[in-house]
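A structural walkthrough
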Amino acid sequence: RRIGADVALAEDDANINAEEQEEALRKKEDKSRAVVLEMLGDLPTADIAAPDNVLFVCKLNPVTDDEDLELIFSRFDPNARAEIIRDPDTGDSLCY
């Protein structure tokens, strides 16, 4: 016998609204992605979280350097620091 998609699997699920269910599902998916990244070696542990004062920027132009980003973000925070991640062997920008 199959369980219908609209049937709550736990009593707790019946007591929360659709928005809370969506948030719970999002958290479960985030945790699953983190576990996969940990298995691939991209994260040291699935429970790690970035500090609140860190902004990840990707798809940078390869010629962009640390000083360029610091100049841009210093408009919002005079103490802003920027570090472009580089290939350890070549020193080339990894564009994030």
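Details of the structure are given in the entry above.
Notes on the structure follow. Keep in mind it's a predicted model, so treat the numbers as computed, not measured.

1. Side note on the pattern of salt bridges
Counted according to the given criterion, the structure contains 4 salt bridges. For Glu23, the salt bridge is made with Arg26, and the minimal N-O distance between the two is 2.7 Å. Here Arg26 and Glu23 lie together in helix H2 (residues 18-40), a separation of 3 residues that amounts to about one turn. Residue Glu23 is classed as partly exposed on the basis of its relative accessible area of 34%. Residues Lys31 and Asp47 are paired through a salt bridge, measuring 2.5 Å at the closest nitrogen-oxygen approach. Note that Lys31 is positioned in helix H2 and Asp47 in the loop between H2 and helix H3 (66-73), a separation of 16 residues in sequence. Judged by its relative accessible area of 39%, Lys31 falls in the partly exposed class. Assessed through its relative accessible area of 61%, Asp47 is described here as exposed. Put simply, Glu23, Arg26, Asp30 and Arg33 are held in one network by salt bridges that share partners.

Cut-offs applied
- Residues numbered from 1 in each chain as written.
- Predicted model: local features only at pLDDT ≥ 70, side-chain atom pairs only at ≥ 80, totals over all residues.
- Heavy atoms only, no water.
- Salt bridge = Lys/Arg side-chain N within 4 Å of Asp/Glu carboxyl O.
- Helix = DSSP H or I, 4+ residues; strand = E, 2+ residues; numbered from the N terminus.
- Buried < 20%, exposed > 50% of the residue type's maximum accessible area, 1.4 Å probe, protein only.

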